[in-house]
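Now for the letters of each chain:
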Amino acid sequence: MPRVNDLTTVVGLETTNEVVILQGGVVVKAPLSILPFLQSGTGAVADSSQNKHREVKSLMDWMTAAQKTLVRARTGYSASDRTAMLASITAAWTAALANDHDIYAPSGLYEIGEANFPWTQSGTPGSLLDCANTTIYCEGPGTEFKTVSVNGADVFQLNGLKNFHVRGFPKLTATISGSTSGSNGVSITNGFDNVTLEVYCENLASVDATTNVDGGKALSVQPPSSGSLVCGSLKATVRAKGCAQGFGVDFDPDFMEGTKVSIDVDLYAEDCYQAVGISNAAATGALTAGKIDGLRVRGQAVNCQRDVVIGRARGVDIDIQIQTTKTAAARRLDPNSVAWLASDTVVEALYAINAISSSIKVIGNKGACDYKMRIGGASDASSGLTQTTYNSHIHIDVAGTAATADISSFTDGTGIASTANTIYISPATTSSIPAAVKQANSVWGNSDGVWAAFPTAPTLAGSITAGAQTYAAQVGRYCRVGNVVFFTIVLSLSAKDAATSGNLSINNLPFTSRNVSGGISSVTFNYIKDVNLDVAGGYYTVVGRILNNDTAVQLQEAGDNNSPANLSDVDIGAATAIWCSGFYEV
């Protein structure tokens, strides 16, 4: 039996990478490149094994044996190992761009130091880098990309990229030893277009920066710093656990005026400070009415401190389901059992300020919390747009127990709150909707078919001096359905205030009538007692009307071929009774 080294080498094919093959009945040595490969199946064409193996380019193809051992062992990295790992992965990325091929990232830990993985550009690029649809294929969370830094290093910083994709939900993790800044999983900066992502982020390092949490975001989109850069399409599926934020965006509204953005995110956020956070700056110039941010987010928030936080948004579409199994105290803590943000202890489902022309839906169980929904405005005077939460459709169906208030309406100190929204509030959310929310918006759900007492009891009053009548019965009840208010009023006097003077009206309707031209609603009188009508003048009945932008029923008398005339203080006495009902638009 001859030794391998004694075998004849096929002439012209000498190489150091040789295998033993049978050629023409003779055992010879030949290069690996001619070892044949034939796929199973009819019609398959033979090729060399080397060509077959080169169909898939793995990150490990650019690594030494020692580096491959580190990746598979998932431990043992030194500082120099991290530097070398980045160099090898950078070489693989460079080759992919130069040769227009994808990259396969086998299961294992790819750990680098205070840097970002190389699919990025440095500084502020002049244009987007065309990655030619290069895709990084991963083996689920078994493929782990990690940065180890002092003061933060985003794992993937997609700085000015287009036509780039990540598939297979790799795990993105990061640790820090300092306390200045944290690390994000994926940060998209300086523009993007045709980027698709599937990522899983866990326990990303974040820092309490006193007024905000720095780092720790699974996916963060930040505005370009150059007007020549483009924000195009982004489709992401994100799973975040133990992160400061599942998905967050910080848009510059002035820059967004000239863009056509499409951001579509499917999100699962568990044990996070915020599931969804939108924090846009105030505009420095006039904005175009009807322009939208082009953002859609769907997903679930499980045991998060704050589920949806919106600060200035135009035309966003948010749909989040909430699940809660932990106490409020536990949800205020990060994975290290430290407060996410010491200055913010609020646990809530929805916080929305200056959300314009948006669709927001939050449903589920928030458990013990501070609020279920807070809604209001934010100063943005330069935009030329309304500064309230305005013209949005909000659907909130959130069970749980709120320590402070189920629903809160607030301003930013300049009287700005919410107006002209359509809001569905379920009975499970609250049984008491603040008047500021009901009066300024079209509120559905909780109030549908539910009758309640007037916030302030109705009164019979004069236009010059209202007077303070004494009542045997003083009842006002109403039901609001959308933008229509139905009401009934029962007023029976036991004494009349002699100081009453002027035309008579019934005051304190629960909502101000809609301010539209010709917006007059009618009132039906069910029972009238001791009202002095001018029968001699042809007046036989009491009528009433609600003028636009008013909270009173003006009382009049009417008759055959007569114009209605106002009733005055002289037309009532100590035993007057007026019972009426009606409806009006708000």
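Located above this text is the structure these notes cover.
Before going further, it helps to spend a moment on the overall build of the protein chain. Scanning the protein chain for helices and strands turns up six helices and 38 strands. Projected onto its principal axes, the C-alpha positions of the protein chain cover 135 × 50 × 45 Å. Of the contacts made within the protein chain by residues no fewer than 6 positions apart, 74% connect residues no fewer than 24 positions apart. For the protein chain, the accessible area works out to roughly 24,800 Å², and carbon and sulfur atoms hold 51% of it. Looking at charge distribution, the protein chain has the averaged site of its 38 positive side-chain charges lying 5 Å from that of its 50 negative ones.

On inspection of all chains with the given rule, the structure shows 15 aromatic pairs. With a centroid separation of 6.0 Å and 80° between ring planes, the pair formed by F117 and F156 is classed as edge-to-face. Taken together, the residues span a long stretch of sequence, with F117 in the loop between β6 (108–112) and β7 (129–138) and F156 in strand β9 (residues 156–167) at a distance of 39 residues. Residue F156 is classed as buried on the basis of its relative accessible area of 1%. With centroids separated by 5.5 Å and ring planes inclined at 80°, the aromatic side chains of Y478 and F511 adopt a geometry described as edge-to-face. Linking Y478 in strand β31 (residues 470–481) with F511 in the loop between β33 (504–507) and β34 (521–531), this pair joins segments that are 33 residues apart in sequence.

Even without being glycine, R74 reaches a positive phi, approximately 65°. Tracing the chain through its elements places R74 in the loop between α2 (65–73) and α3 (79–99). Here N549, not a glycine, exhibits a phi torsion of approximately 60°, which is positive. Mapping N549 onto the fold places it in the loop between β35 (539–546) and β36 (553–559). We classify N549 as partly exposed; its relative accessible area is 48%.

Okay, empty space enclosed by the protein next. The probe, sized like a water molecule, is rolled over the atoms to show the empty space still left. For the structure shown, the criterion picks out two cavities of 30 Å³ or more. Its volume calculated, the largest cavity comes out at about 120 Å³. Taken together, 16 residues form the lining of the largest cavity, with P253, L287, R312, R314 and D380 sitting closest to its centre. Per-element accounting of the lining of the largest cavity gives the leading share, three residues, to strand β20 (residues 306–314). Space inside the second largest cavity adds up to approximately 30 Å³. Looking at the second largest cavity, the residues that line it are A435, K438, Q439, P455, Y478, P510 and F511. Sort the elements by how many residues they give to the lining of the second largest cavity and helix α6 (residues 435–440) lands first, with three residues.

If you add up the space inside the largest pocket, you get close to 580 Å³. What lines the largest pocket is a set of 35 residues, and nearest its centre among them are N212, V213, K217, Q245 and S279. Elements supplying a minimum of two residues to the lining of the largest pocket: β13 (213–215), β14 (217–221), β16 (245–249), β18 (274–279), β20 and β22 (348–356). With five residues, the single largest contributor to the lining of the largest pocket is β20. A breakdown of the residues in the lining of the largest pocket according to their chemical character gives eleven nonpolar, 17 polar and seven charged.

Attention now goes to the pattern of salt bridges. In the structure shown here, the tally under the stated rule is 19 salt bridges. Note that E111 is salt-bridged to R82, the shortest N-O span being 2.7 Å. Of the two residues, E111 sits in strand β6 while R82 sits in helix α3, which places them 29 residues apart along the sequence. One exposure class covers both E111 and R82, and it is buried. The partner of E270 in a salt bridge is K241, and the shortest N-O contact between them spans 3.5 Å. With E270 in strand β17 (residues 262–270) and K241 in strand β15 (residues 233–241), this residue pair connects regions lying 29 residues apart in the sequence.

Quick look at the environment of I103 now. Within the secondary structure, I103 is located in strand β5 (residues 103–105). Note: C-alpha distance between I103 and Y137 (34 residues apart in sequence) is 6.2 Å. Setting aside anything within four residues of it in sequence, one finds I103 in contact with K57, L59, A92, W93, A96, T135, I136 and Y137.

This part covers a nonpolar patch on the surface. Taken together, the side chains of W451, F486 and F583 define a hydrophobic patch exposed on the protein surface, amounting to about 300 Å² of accessible area. By secondary structure assignment, the location of F583 is in strand β38 (residues 572–585). Looking at F583, the relative accessible area reads 48%, which means it is partly exposed.

Proteins that are soluble and globular tend to have nonpolar side chains buried together. Core analysis: the largest hydrophobic core is formed by 89 residues, its most contacted members being Y110, W119, F145 and F247. The biggest single contributor to this core is strand β11 (residues 186–202), with seven residues. The contact partners of W119, leaving out residues within four places of it in the chain, are I89, W93, I136, F145, F156, Q157, L158, L161 and F164. Core analysis: the next-biggest nonpolar cluster, separate from the first, contains 27 residues, L493, L504, V523 and V542 among them.

Let's shift gears to the environment of S177. Positionally, S177 belongs in the loop between β10 (171–176) and β11. A residue is classified by how much of its surface remains accessible, and S177, at 62% relative accessible area, is exposed. Put simply, S177 and S149 are 28 residues apart on the chain and 6.6 Å apart in space, counted from C-alpha to C-alpha. If near-sequence neighbours (up to four positions away) are discounted, S177 is found in contact with S149 and V150.

Definitions and cut-offs
- Residues numbered from 1 in each chain as written.
- Predicted model: local features only at pLDDT ≥ 70, side-chain atom pairs only at ≥ 80, totals over all residues.
- Heavy atoms only, no water.
- Helix = DSSP H or I, 4+ residues; strand = E, 2+ residues; numbered from the N terminus.
- Contact = heavy atoms within 4.5 Å.
- Areas by Shrake-Rupley, 256 points an atom, 1.4 Å probe, with all protein chains shown as cover.
- Lys, Arg positive; Asp, Glu negative; His and termini not counted.
- Charge placed at Lys NZ, Arg CZ, Asp CG, Glu CD.
- Phe/Tyr/Trp six-rings, centres within 6.5 Å; stacked < 30°, edge-to-face > 60°.
- Buried < 20%, exposed > 50% of the residue type's maximum accessible area, 1.4 Å probe, protein only.
- 1 Å grid on protein atoms, 1.4 Å probe; cavity = no way out; pocket = protein on both sides within 12 Å on 5 of 7 lines; lining within 4 Å.
- Points joined across faces, edges and corners; volume = space filled by probe spheres on them.
- Nonpolar A, V, L, I, M, F, W, Y, C, P; charged D, E, K, R; others polar.
- Salt bridge = Lys/Arg side-chain N within 4 Å of Asp/Glu carboxyl O.
- Patch = residues over 30% accessible without salt bridge, like charges linked within 9 Å, V, L, I, M, F, W, Y side chains within 5 Å.
- Core = buried A, V, L, I, M, F, W, Y, C linked by side-chain atoms within 4.5 Å.

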